[in-house]
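Residue-level structural notes
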Amino acid sequence: MLVVHTRTKGDGQVPDQQAAEVTAAGIARLAGVGRAAVSNWRRRHEDFPKPVGGTETSPSFALADVEQWLRDQGKLVDVPLRERVWQQLTAHPAGTVTRLVHTGCALLLVQGRPTGWAGFAALSDERLADVLPPALEEVLTTRFGLDRAVRTPLAADLAPSVSLMRGAAELAAELGARQAFEFLLGRHLDANPRQYTLTPPGLAELMAALAVEATGPGAGPGAGPGAGPAPTVLDPASGTGGLLRAVPRAAALYAQDADPELAALTALRLALHGDADIRSAAADTLRADAFPGLSADAVLCHPPFNERGWGHDELAYDPRWEYGFPARTESELAWVQHALARLRDGGAAVLLMPPAVASRRSGRRIRADLLRRGALRAVIALPAGAAPPYGIPLHLWVLNRPGHDHRPAPELLLVDTTSLVPDGGRATLPWPTVQSAVLDAWNGRYEQGVSRSVPVIELLDDDVDLAPARHLAAPATGGSAAGLDTVRARLDESLRRTLSLAPTPAAAARPAARTLTTVGELARAGALQLRAGGAGASPAGGPVLTEHDVLAGAAPSGTLPDGPAEDPVLLREGDVVVPVLGGGSIARVVDAPTAGAALGRNLQLLRPDPAALDPWFLAGFLRGTANNRRASSFASTATRLDVRRLQLPRLPLADQRRYGERFRALAAFEDALRQAGRLGEQLVQGFYDGLADGSVHPE
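Just so we're clear, the structure is a prediction, and the values are computed from it rather than from any experiment.

**What about the overall build of the protein?**
The secondary structure content of the protein amounts to 23 helices and 25 strands. Within the protein, the proportion of its 699 residues that are buried is 51%. Counted over contacts in the protein with a minimum sequence separation of 6, partners at least 24 positions apart contribute 72%. Of the roughly 32000 Å² that the protein leaves accessible, carbon and sulfur atoms contribute 52%.

**With respect to the pattern of salt bridges**
In the structure shown here, the tally under the stated rule is 31 salt bridges. Across the salt bridge formed by arginine 113 and glutamate 138, the nearest N and O atoms sit 3.1 Å from each other. Here glutamate 138 lies in helix H7 (residues 125-144) and arginine 113 lies in the loop between helix H5 (96-112) and helix H6 (114-121), a separation of 25 residues in the sequence. The partly exposed category is assigned to arginine 113, whose relative accessible area is 30%. Of the charged contacts in the structure, one is a salt bridge between aspartate 369 and arginine 373, with a shortest N-O distance of 3.7 Å. Exposure remark for arginine 373: the relative accessible area of 31% places this residue in the partly exposed category.

**What about the packing of aromatic side chains?**
As enumerated under the stated definition, the model contains 12 aromatic pairs in all. An angle of 50° between the planes, with centres 5.7 Å apart, marks the rings of tryptophan 41 and tryptophan 69 as tilted. You can see tryptophan 41 sitting in helix H2 (residues 35-44) and its partner tryptophan 69 sitting in helix H3 (residues 63-72), a full 28 residues away along the chain. On the basis of relative accessibility, which here comes to 5%, the residue tryptophan 69 falls in the buried class. By the ring-pair criterion, three or more aromatic residues cluster together here, those being Trp41, Phe48, Phe61 and Trp69.

**Comments concerning the side chain of threonine 518**
On the secondary structure map, threonine 518 appears in strand S16 (residues 516-518). Here threonine 518 falls in the buried class, since its relative accessible area comes to 17%. Not counting chain neighbours up to four residues away, the residues in contact with threonine 518 comprise Arg644, Arg645, Leu646 and Gln647.

**Some thoughts on the sheet that holds strand S14 (residues 411-416)**
A sheet is described by the order of its strands in space; here nine strands give the open sequence S9-S8-S7-S10-S11-S13-S12-S14-S15, paired in mixed fashion. Here the strands that pair on one side only, and so sit at the sheet edges, are strand S9 (277-282) and strand S15 (451-455). Between one strand axis and the next, the sheet turns by 15° as a mean value, whatever way the strands run. Alignment of strand S11 (residues 343-353) against strand S13 (residues 395-400), held across six bridges, turns out to be antiparallel. Across the sheet, alanine 349 pairs through a bridge with leucine 399, a residue of S13. This element, helix H16 (residues 431-442), spans strand S12 (376-381), S13, S14 and S15 of the sheet and lies at about 165° to S14.

**Digging into the sheet that holds strand S22 (residues 603-608)**
Ordered by their spatial adjacency, four strands build an open sheet running S17-S22-S19-S20, and the pairing between neighbours is antiparallel. Each edge of the open sheet is held by one strand with a lone partner, namely strand S17 (528-532) and strand S20 (588-589). Here helix H21 (residues 615-622) sits on the sheet in contact with S17, strand S19 (576-579), S20 and S22, set at roughly 15° to S19.

**Observations concerning the confidence of the model for the protein**
Detailed reading of the predicted coordinates is not advisable wherever pLDDT is low. Across the protein, the average pLDDT comes to 84, with 87% of residues at 70 or higher. Low confidence marks residues 1-19, where pLDDT is under 50. Its contacts with residues over four positions away, or in another chain, come to 53 contacts. The low-confidence segment residues 535-540, where pLDDT is below 50, has 18 contacts with residues more than four positions distant or belonging to other chains.

**So, the packing of helix H18 (residues 481-501) against helix H23 (residues 653-693)**
Between H18 and H23, whose axes approach to 9 Å, the crossing angle comes to 155°. Here H23 runs roughly antiparallel to H18, going by the angle between their axes. In this structure, H18 crosses over H23, and the sense of that crossing is left-handed. On H23, the residues that touch Leu484, Val487, Arg488, Arg490, Leu491, Ser494, Leu495, Arg497, Thr498 and Leu501 of H18 are Ala668, Phe669, Ala672, Leu673, Gln675, Ala676, Leu679, Gly680, Gln682, Leu683, Gly686 and Phe687. For the contact of H18 with H23, the residue count by class is 13 nonpolar, six polar and three charged.

**Focus: helix H1 (residues 24-31)**
Along H1, the residues classified as buried are Gly26, Ile27, Ala28, Leu30 and Ala31. Following H1 by one or two positions, glycine 32 has its phi on the positive side, about 70°.

What counts and what doesn't
Residues numbered from 1 in each chain as written. Predicted model: local features only at pLDDT ≥ 70, side-chain atom pairs only at ≥ 80, totals over all residues. Heavy atoms only, no water. Helix = DSSP H or I, 4+ residues; strand = E, 2+ residues; numbered from the N terminus. Buried < 20%, exposed > 50% of the residue type's maximum accessible area, 1.4 Å probe, protein only. Contact = heavy atoms within 4.5 Å. Areas by Shrake-Rupley, 256 points an atom, 1.4 Å probe, with all protein chains shown as cover. Salt bridge = Lys/Arg side-chain N within 4 Å of Asp/Glu carboxyl O. Phe/Tyr/Trp six-rings, centres within 6.5 Å; stacked < 30°, edge-to-face > 60°. Pairing = 2+ DSSP bridges. Axes fitted to C-alpha atoms, helices over the stretch in contact; angles between N-to-C directions. pLDDT = per-residue confidence, 0-100. Parallel < 35°, antiparallel > 145°, perpendicular 65-115°, else oblique. Left-handed = near helix turned anticlockwise from the far one by under 90°. Nonpolar A, V, L, I, M, F, W, Y, C, P; charged D, E, K, R; others polar.

Okay, here's the thing in structure tokens:
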């Protein structure tokens with residue numbers, strides 16, 4: 001965190017870099033390390049800058065002194081512009097969200113009138129704060145209209161933000177206005193994960209694609225892709241605007257959220273992202289609908305789940321309850337009917353729902369009426385980890401608003417994608433595979449055990465249970481007796497290979513005294529480079545090596561959030577990657593297939609100079625249990641590894657390679673064990689399933 005004091009200069013105020021203060025968390029971000037490393041530096045280095053403010057438990061330091069110390073230690077080359085702007089944003093006394101809104105207003109002005117901003121930039125800070133409000137009022141009115149969620153800040157509001165807005169304009173010149181705002185917003189969301197319920201980009205893209213497919217006359221499962229002019233799309237619980245941002249093209253985007261700050265951020269985010277007409281409102285959607293006369297082409301919604309205070313007592317006679325008055329415990333069915341009420345005839349809605357909505361008895365009458373009248377077209381079960389809460393396999397509901405001449409659909413499409421992620425875990429969620437399976441099913445290409453159309457008459461029983469898993473027969477894990485035989489043969493081969501790779505220990509003579517060095521000393525000497533995984537987007541949507549991948553020995557499977565425009569750390573063959581959280585002794589040498597992927601969060605990259613360090617030698621010694629314990633911090637609930645403190649012996653390169661070959665052989669043995677374990681689990685579950693469903697004979 002950065003605290004920026006100001007000093008008077010001429011007729012305005014400018015940031016005084018010498019008076020700027022930074023906390024330990026800010027120092028850690030500048031140097032790309034954890035806060036435990038900063039604490040260690042303070043203890044171990046007498047020349048580390050002394051606190052100049054803050055409190056005893058959370059001191060602050062002079063930024064200029066910290067930067068100089070980091071440079072002298074070889075831990076900092078220069079503070080990137082984006083880092084300076086972010087630190088100014090977080091340190092602002094009015095709060096990060098308010099200043100994000102002000103920054104977004106300035107970026108909208110920069111994007112729409114770059115030459116006009118160039119004239120403003122030459123003014124003093126005091127004068128700039130005076131002349132900006134009229135210019136912002138004009139831009140905001142043009143973009144959002146008079147009745148809008150983004151209020152024009154006054155000169156007094158802008159005075160403390162002028163230096164931040166100047167920095168944001170510089171960042172826009174470097175990255176573009178849209179990406180500058182996405183970077184700052186993404187950093188804020190990442191720093192406050194418990195304050196916001198976000199829809200992951202992969203899920204948002206799937207929901208937007210489904211809405212496009214389902215919109216139009218005669219649209220429905222098996223009807224083929226939807227087509228037509230750019231649609232009007234509503235999100236009545238817009239949050240930070242992730243769903244509307246995923247719409248590939250739109251004539252108009254309508255957003256509503258109960259939080260005024262989120263409504264303003266969403267409006268600015270969408271306006272910077274594209275040319276669609278933007279309307280954003282701040283109000284409780286169910287109690288105070290801001291767009292009562294809207295007939296949208298599509299509705300996308302990730303509503304709040306399990307709300308008891310959604311307005312049940314006040315809204316008993318609301319005309320939106322066309323399919324039945326929702327029970328107090330069925331807030332999600334109120335959102336479903338609100339979405340249908342805001343659609344034009346033939347329009348489509350895609351809502352994210354908790355799985356209980358498909359089977360709770362209190363909602364069975366509304367579910368039955370949605371089916372009878374042809375409003376509910378598909379229920380899609382997603383793998384666990386698709387969205388928060390991550391431990392629950394959520395559902396997507398696809399709905400169409402029936403027209404006057406509409407004939408109810410005789411079937412409901414049910415899709416269960418949970419089997420597409422056999423080992424679970426959101427870090428490995430294969431969104432392209434999930435999206436392909438869902439859209440194939442929508443267009444009539446069904447897959448055994450994954451999707452089918454079920455006659456509505458079969459679902460209209462006493463329970464009206466629409467959970468896909470209850471109506472889809474899951475295929476046996478092995479597929480068939482022949483498939484299980486193939487798995488067994490592969491397991492046999494894997495076990496033989498594992499046995500051949502098992503190392504044979506040789507008793508060592510008395511260990512010779514070793515001269516040790518640390519990773520930090522090697523980095524300062526130039527024998528290796530240290531890089532931390534960050535929030536930058538991978539190039540062209542390429543793969544990302546995640547912490548889960550390193551721990552599981554798996555191929556890169558992750559994606560980093562779209563938005564923050566930080567430069568990704570791309571892996572090279574021979575790099576060594578170490579997780580910094582969790583306290584395990586893990587190090588992975590990057591091979592040719594993994595090279596080119598981006599480095600994910602909570603990972604530290606060590607790039608050895610091949611003329612000085614063998615990568616397998618380095619990785620092997622980094623995995624020592626005692627070594628990891630010495631370099632780990634146990635002060636918090638999560639153990640954190642300070643990679644710079646890890647030790648390894650000083651040995652000639654030829655001796656390093658001897659150790660490296662043995663460490664490489666151990667890694668191959670470890671991989672073979674993992675493969676054998678996976679095949680064994682597959683064989684066991686396949687036999688259970690085969691015996692249970694009759695595809696395998698007990699003899």
